[in-house]
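# What the coordinates show
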Amino acid sequence: MAPDFAALRREFPVLERKTYLNSGSYCALANEVRAAFEAYLEDRLRVGADWDFWVAKNESVRALVAALLGAAPEEIAITASVSAGLNSLASALDFSGSRNKIVISDFEFPTAAQIWHAQERRGARVVHVPRGADGSIAAADFAHAIDERTQLVAITHVCFRNGARLDVPRIVRLARASGARVLLDSYQSVGSMQLDVQDLGVDFAAGGMLKYLLGTAGIGFLYVRAALIPALVPASSGWFAQEQIGSMDITANRPAASARRFEAGTPAVVNCYAAEAGLKMLLRIGTAAVEQRVRALTADCMGRLREIDWTSSTPPQDGRRGATVAVPSRDAGRLVQALKERGIVTSCRDDNVRAAFHFYNDEADVEVFCAALKDLRAALGPPAAPG
Ligand SMILES: Cc1ncc(COP(=O)(O)O)c(C=O)c1O
């Protein structure tokens, strides 16, 4: 049975006040996630410190992330951020040999490019796959960059700037053919669509809980394919990355046999409460239903944009975009502000205003957004086409 999206919408109080189209930046807060934050405070007041319970909560988040991604819990590290996970992974890679090339795309989020460029002082060579003339990046564009010197292809699933989705399976096939591994930055996709790491064939995947996973900032994950873990020993570590967390051994580094070796220090306890609640809610609804809903809303939005003659920087094909619809503006910052004054929450990157949809949005949100754009078109519409 399809989820009752109208009833689910009522679980997000901000939606009574705002047209909230900002889940690509930070999700709306659900009542049950708020209750999880409150439960943390209650536990602190009642029990004080409850480390066994808190470690179990962290393990519960690990198991839920694994279920979401079609992975085993042993393949999941719970991290403080995507950046923390990528830095830990990078510290386990060796760039001293001839296979020192890292291929990234021009769609990457800054952190996912900066961390790879930071490896240049360790011998890595970072090659960017640029956008084509139409602003898109096709899988075939990677063929020029990936070769037998490529160690890692590090790609975003969905671009944070314009909502374009890369053709991950085809890029994975290209990487495999050259013996390269693939890291997927899933932050702009996970929770808004089905994402199975086995189906996609990626070796590593990173993401976090504050966008489509309904949780909070300060907690994320890193998936590492089981077969790769033993040979990857991070040079960044900490007591929660050790085989025996409680050993208190100061004589050696003994990394956990599982992906926990990519963790570091004390888990962000309060964030575990919120992340657990958000993940449980999402898994209950089901990512297949969420994907269908988000796809319908973004398609509706793209259609209405065509009606008001406002071009979009987001690909029109359903399978080529994520949950964000981006519209170019002569002054994106002012457009975000003008929308905000009308109770519509969006964000901007480059010259684009981003409207990001989740299952708790509805057709009325699309209508309100596009009606406001129509009104604002004369002052803040798309830039004139060149030439
Ligand atoms: C695609 C993508 N990757 C990474 C990040 C940042 O990750 P973190 O701040 O957890 O390191 C973001 C944040 O917006 C993002 O959209």
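Heads up: the structure comes first, above all this text.
Presented here is a report on the structure given in the accompanying data block. For clarity, every value in this text was computed on a predicted model and none was experimentally measured.

### Comments concerning the overall build of the chain
Helices and strands together make up the secondary structure of the chain, namely 13 helices and twelve strands. Here the chain has a C-alpha radius of gyration of 21 Å; the compact-globule value for 387 residues is 21 Å, and the two agree. If you line up the chain on its principal axes, its C-alpha atoms span 70 × 60 × 40 Å. Looking at the 387 residues of the chain, the share that counts as buried comes to 54%. Within the chain, residue pairs in contact and separated by at least 24 positions form 72% of the contacts whose partners lie at least 6 positions apart. Where the 43 positive side-chain charges of the chain centre and where its 43 negative ones centre are 3 Å apart.

### Digging into the site of the ligand
If you check the shell around the ligand, you find Ser81, Val82, Ser83, Phe109, Thr111, Thr156, Asp185, Tyr187, Gln188 and Lys211 and nothing else. Contact distances for the ligand include 2.5 Å between an oxygen atom and a side-chain N or O atom of serine 83. In the environment of the ligand, an oxygen atom lies 2.7 Å from a nitrogen or oxygen atom belonging to the side chain of lysine 211. A total of 400 Å² of accessible area belongs to the ligand in isolation, and the protein chains cover 84% of it. The residue inventory of the shell around the ligand, partitioned by class, reads three nonpolar, five polar and two charged.

### What to know about the pattern of salt bridges
Applying the stated criterion to the full structure yields 21 salt bridges. For arginine 284, the salt bridge identified is with glutamate 32, shortest N-O distance 2.9 Å. Taken as a pair, arginine 284 in helix α10 (residues 269–285) and glutamate 32 in helix α3 (residues 31–47) lie far apart in primary sequence, 252 residues in all. A relative accessible area of 55% means that arginine 284 is categorised as exposed. You can call glutamate 32 partly exposed: its relative accessible area is 27%. We note a salt bridge from glutamate 59 to arginine 62, for which the minimum N-O separation is 2.8 Å. Placement of both glutamate 59 and arginine 62 in helix α4 (residues 51–69) is noted, with a separation of three residues, approximately one turn of the helix. For arginine 62, a relative accessible area of 4% translates into the label buried. Put simply, Arg9, Asp362 and Asp365 are held in one network by salt bridges that share partners.

### Considerations on the nonpolar core
Counting 71 residues, the largest nonpolar core has Leu69, Phe142, Val153 and Phe359 as its most contacted members. Beyond its immediate chain neighbours, meaning those up to four positions away, phenylalanine 359 contacts Phe5, Leu8, Phe12, Leu214, Leu282, Ile285, Val290, Arg293 and Val294. Within the second largest apolar cluster, 30 residues are counted, among which are Leu86, Leu93, Val126 and Ala206.

### A short note on the packing of helix α12 (residues 332–341) against helix α13 (residues 363–380)
Running from N to C, α12 and α13 point in directions that differ by 135°, and their axes come no closer than 11 Å. The orientation of α12 relative to α13 falls into the category oblique. Taken as a pair, α12 and α13 cross one another with a handedness that is right-handed. For the pair α12 and α13, contact is made by Arg334, Leu335, Ala338 and Leu339 and by Phe369, Ala372, Leu373, Leu376 and Leu380, respectively. Partitioned by chemical class, the residues of the contact of α12 with α13 number eight nonpolar, no polar and one charged.

### Some remarks on the side chain of glutamine 242
One can find glutamine 242 in the loop between β8 (220–224) and α10. Among the polar contacts made by the side chain of glutamine 242, one reaches the side chain of serine 237 at a distance of 3.2 Å. Among the polar contacts made by the side chain of glutamine 242, one reaches the side chain of asparagine 253 at a distance of 2.7 Å.

Criteria and thresholds
- Residues numbered from 1 in each chain as written.
- Predicted model: local features only at pLDDT ≥ 70, side-chain atom pairs only at ≥ 80, totals over all residues.
- Heavy atoms only, no water.
- Helix = DSSP H or I, 4+ residues; strand = E, 2+ residues; numbered from the N terminus.
- Rg over C-alpha atoms; globule rule 2.2 N^0.38 Å.
- Buried < 20%, exposed > 50% of the residue type's maximum accessible area, 1.4 Å probe, protein only.
- Contact = heavy atoms within 4.5 Å.
- Lys, Arg positive; Asp, Glu negative; His and termini not counted.
- Charge placed at Lys NZ, Arg CZ, Asp CG, Glu CD.
- Near = heavy atom within 4 Å.
- Polar contact = N/O pair within 3.5 Å; in protein donor to acceptor, adjacent residues only side chain to side chain.
- Areas by Shrake-Rupley, 256 points an atom, 1.4 Å probe, with all protein chains shown as cover.
- Nonpolar A, V, L, I, M, F, W, Y, C, P; charged D, E, K, R; others polar.
- Salt bridge = Lys/Arg side-chain N within 4 Å of Asp/Glu carboxyl O.
- Core = buried A, V, L, I, M, F, W, Y, C linked by side-chain atoms within 4.5 Å.
- Axes fitted to C-alpha atoms, helices over the stretch in contact; angles between N-to-C directions.
- Parallel < 35°, antiparallel > 145°, perpendicular 65-115°, else oblique.
- Left-handed = near helix turned anticlockwise from the far one by under 90°.

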